[in-house]
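Each chain is listed here by its residues.
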Amino acid sequence: QFVILFMEVLLKAIACVKQVPDSAATVSVQNGRVTWGDAPLVLNPWDEYAVEIALQQTEAHGGDVTALTLGKEDEKEALKTAIAMGCKEAVRVSDPALGATDSQATAQILAAAIRKLGGADLITFGMQAIDNNSGVTAVQTARLLGIPVLTLVSKVVSLDLTTNTIVVERAIEDGKQVVQASLPVVLTFVKEVAEPRYPSFMGIRKAAKAEVKNLSLAELGISQPQSFVRWAEITNPPQKQIVTEIISGGSPEEIAENLADKIMAEKVL
Amino acid sequence: MTNKIWVYLDQFKGKVSPASWEAIGAATQLSKEFGGGITALVFGKGVEEIAQEAITFGATEVLLAEDDTLNDFRPEPYSSLLAKLAAEQQPEVILLPDTTRGRDLAAMVSIDLKTGVIPDVIALEVSAGEITATRAVYSGKLISKVKCTARPYIITLRLRTFSKPESDDGRKGVITRVNIAVAEENIPSKVKEYIRGEGSVSLTEANVIVAGGRGMVNRPTLTPPAEIKGDKEVDKWRTQQGFKLISELAETLGGAAGASRAVVDPGYVAYEHQIGQTGKVVSPNLYIACGISGAIQHLAGMRSSKVIVAINRDANAPIFQSARFGVVGDLFDILPPLNAAMRKRLGK
Ligand SMILES: Cc1cc2nc3c(=O)[nH]c(=O)nc-3n(C[C@H](O)[C@H](O)[C@H](O)COP(=O)(O)OP(=O)(O)OC[C@H]3O[C@@H](n4cnc5c(N)ncnc54)[C@H](O)[C@@H]3O)c2cc1C
Ligand SMILES: Nc1ncnc2c1ncn2[C@@H]1O[C@H](COP(=O)(O)O)[C@@H](O)[C@H]1O
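Residues numbered from 1 in each chain as written. Chains lettered and ligands numbered in written order. Predicted model: local features only at pLDDT ≥ 70, side-chain atom pairs only at ≥ 80, totals over all residues. Heavy atoms only, no water.

## Notes on the interface of chain A and chain B
Here's step 1: Taken together, the contact pairs 80 residues of chain A with 89 residues of chain B.
Here's step 2: Where chain A abuts chain B, roughly 7,200 Å² becomes buried across the two surfaces, and 59% of that area is made up of carbon and sulfur atoms.
Here's step 3: Where chain A packs against chain B, one counts 9 salt bridges.
Here's step 4: As a salt-bridge pair, Asp261(A) and Arg345(B) come within 2.8 Å of each other at their nearest N and O atoms.
Here's step 5: Linking chain A to chain B there are 40 residue pairs in polar contact (both at pLDDT 80 or more).
Here's step 6: Sorting elements by how many residues they give to the side of chain A that touches chain B places helix α7 (residues 252-265) of chain A first, with 11 residues.
Here's step 7: Relative to strand β9 (residues 142-148) of chain B, strand β14 (residues 229-235) of chain A is paired through 6 bridges, and the arrangement is antiparallel. Across the sheet, residue Val229(A) finds its bridge partner in β9(B), namely Cys148(B). (Contact = heavy atoms within 4.5 Å. Buried area = accessible area lost by both parts, 1.4 Å probe. Salt bridge = Lys/Arg side-chain N within 4 Å of Asp/Glu carboxyl O. Polar contact = N/O pair within 3.5 Å; in protein donor to acceptor, adjacent residues only side chain to side chain. Helix = DSSP H or I, 4+ residues; strand = E, 2+ residues; numbered from the N terminus. Pairing = 2+ DSSP bridges.)

Structure below.
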């Protein structure tokens with residue numbers, strides 16, 4: 001009379017992704033506003049690694065990846081690429097009431113969204129967003145969720161769902177550090193961890209049709225978190241007047257001697 | 001009386017990161033505006049010497065925590081301890097060097113203290129007790145001035161940007177030992193092992209960087225030994241010959257060797273050498289770019305270097321626009337005599 005269900009333990013992963021202007025864009029400030037002309041908007045390059053590792057781990061252990069973004073209602077590029085790479089679902093937190101958020105407020109909202117989605121074993125982030133170059137949101141989100149965080153992962157050594165542990169290698173200043181943590185965990189990555197896959201043809205078709213699930217702050221059960229940090233001023237960098245001096249000479253040896261003199265004269269050694 | 005300006009001193013295996021002293025330098029400037037002395041924080045195991053040295057650099061007080069749980073940096077116990085001390089003593093500012101550890105700690109403690117964090121700052125100004133921090137954003141394409149409405153300010157300082165103060169053995173200060181905040185069983189991670197990198201000087205701390213790009217592949221007259229076969233293997237071998245020249249000059253100059261992504265992606269040079277948007281961001285006094293075209297993503301990692309030298313065969317390579325000195329020539333021809341010329345001048 002008893003039905004015994006063998007439930008396979010699957011890995012649940014969430015990849016946090018952000019839309020940014022392409023890394024090759026010419027970005028400038030015009031009339032106090034940041035512009036990048038007609039440069040495309042793309043998935044933040046560092047987040048490609050977050051998506052890739054989440055996919056690799058769910059492929060190895062079974063399970064799905066949800067791509068999560070906080071952004072304006074019409075922001076779709078990051079989510080579209082994430083779906084095209086293989087994420088199952090795309091979730092966007094968006095709210096007309098929401099102005100600019102600092103990293104700490106972004107983390108509050110992402111943490112609330114992750115809870116709303118029922119949490120995950122693996123929550124992946126990019127090392128930093130190439131627009132604000134902060135590199136703090138992952139750690140902040142992990143702290144708010146009360147779970148461990150391992151930044152700058154260069155290799156996932158093992159992930160074990162029976163013991164709920166993960167072992168990774170991290171790239172730090174003077175080498176590699178092997179660290180073990182319990183799941184659920186937040187991770188960020190350096191480039192060496194993997195080569196992000198290109199979206200497949202099927203993936204791109206799927207992405208074109210994919211529905212993005214929108215969540216408002218009210219649906220997350222939170223009010224707008226306070227932002228403490230703000231950009232009081234944004235400017236083009238001062239034009240460094242560089243006069244390039246081409247060092248010449250009759251032979252490589254002569255050029256080298258002339259260049260060596262110039263380097264010594266700069267008194268930088 | 002407690003000090004308003006705190007400085008977290010980063011260390012790895014008991015060795016202080018030089019950027020910690022730069023942070024004391026920045027703190028000294030701030031303390032002129034805020035008044036009072038400087039409190040340095042030293043967490044670790046076997047790190048008392050760092051606490052003493054901090055006083056010679058200008059700290060008037062050091063809070064020293066030594067424990068097994070603090071032996072390897074982990075953000076959770078470090079953050080809990082820093083947050084506990086800051087909650088008790090209410091500093092206005094906590095400065096940290098922007099090392100991997102400093103960045104993680106700053107991010108986490110900002111949550112514990114319910115304040116903002118301003119990472120990778122390149123300049124600080126104070127007016128009427130309010131700090132304005134300058135940061136590079138959009139990979140250095142723009143500059144933003146940042147303010148924070150909550151206290152304390154949590155600020156990480158870009159390495160090699162603030163000057164290190166002179167040390168003076170005559171300076172006096174008090175070292176106070178403090179207890180840990182979290183027991184081992186409540187820390188969710190364990191450091192199991194450490195594998196040392198191959199380079200002896202870390203790129204982000206190097207005073208001089210010599211970097212090589214795809215130009216290293218391009219020396220058709222270099223003939224590989226017979227056992228090296230296939231285009232890719234030959235390219236790799238040629239790159240390694242070029243990288244040897246790069247590394248030799250770097251060593252002569254007491255610096256580190258860097259590379260562009262073009263030689264890292266195919267696996268010719270290890271990723272730890274990559275400079276740029278998806279590699280390391282560096283600002284040495286001297287950056288010598290060899291066989292590197294100067295793509296915007298490479299510039300993102302090195303444009304704040306003080307003096308840039310470019311060696312490139314193509315007189316129209318964009319890298320020359322950022323360079324103080326340029327040589328239009330083949331890196332394989334220029335590097336050996338340049339190394340000899342520098343050795344001579346440096347008495348090596
Ligand atoms: C999202 C993204 C992130 C990226 N991140 C990075 C990054 O972090 N770092 C990075 O470097 N790139 C990065 N790139 C790649 C970047 O766009 C360039 O492709 C790369 O920097 C080119 O490397 P290179 O200058 O060595 O090669 P090339 O552009 O091929 O230039 C080689 C140069 O060498 C010269 N040359 C050839 N032979 C010789 C010789 N014998 N002697 C002297 N000169 C010679 C040539 O004239 C040429 O100028 C990124 C790209 C993207 C899209
Ligand atoms: N608006 C956002 N939506 C989703 N993820 C984000 C957002 N902002 C930042 N992140 C994640 O946090 C990482 C680090 O961002 P940052 O701390 O802003 O440099 C990014 O690479 C993303 O993975």
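## Overview of the sheet that holds strand β7 (residues 117-127) of chain B
Here's step 1: Here we have 10 strands laid out as an open sheet, ordered β14(A)-β9(B)-β8(B)-β7(B)-β10(B)-β6(B)-β1(B)-β4(B)-β5(B)-β11(B), and mixed in their pairing. Here the strands that pair on one side only, and so sit at the sheet edges, are β14 of chain A together with β11 (174-177) of chain B. Going from strand to strand, the sheet's axes swing by 30° on average, the running direction of each strand aside.
Here's step 2: Relative to β9(B), strand β8 (residues 130-137) of chain B runs antiparallel, the two being bridged by 5 bridges. Looking across to β9(B), one finds that Arg135(B) is bridged to Ser144(B).
Here's step 3: Packing of helix α4 (residues 100-112) of chain B onto the sheet brings it into contact with β1 (5-8), β6 (93-97), β7 and β10 (153-157) of chain B, and relative to β10(B) it is tilted by some 170°. (Axes fitted to C-alpha atoms, helices over the stretch in contact; angles between N-to-C directions.)

## Here's the deal with the site of ligand 1
Here's step 1: Neighbouring ligand 1 are 28 residues, the closest being Ser260(B), Thr278(B), Ser293(B), Gln297(B) and Asn312(B).
Here's step 2: Near ligand 1, the surrounding residues are drawn from chains A and B.
Here's step 3: Measuring from an oxygen atom of ligand 1, one finds a side-chain N or O atom of Gln274(B) at 2.8 Å.
Here's step 4: If ligand 1 stood free it would expose 980 Å²; the protein chains cover 80% of that surface.
Here's step 5: Looking at the shell around ligand 1, the elements with two or more residues in it are α6 (261-264) and α7 (296-302) of chain B.
Here's step 6: For the shell around ligand 1, the class distribution of residues is 7 nonpolar, 16 polar and 5 charged. (Near = heavy atom within 4 Å. Areas by Shrake-Rupley, 256 points an atom, 1.4 Å probe, with all protein chains shown as cover. Nonpolar A, V, L, I, M, F, W, Y, C, P; charged D, E, K, R; others polar.)

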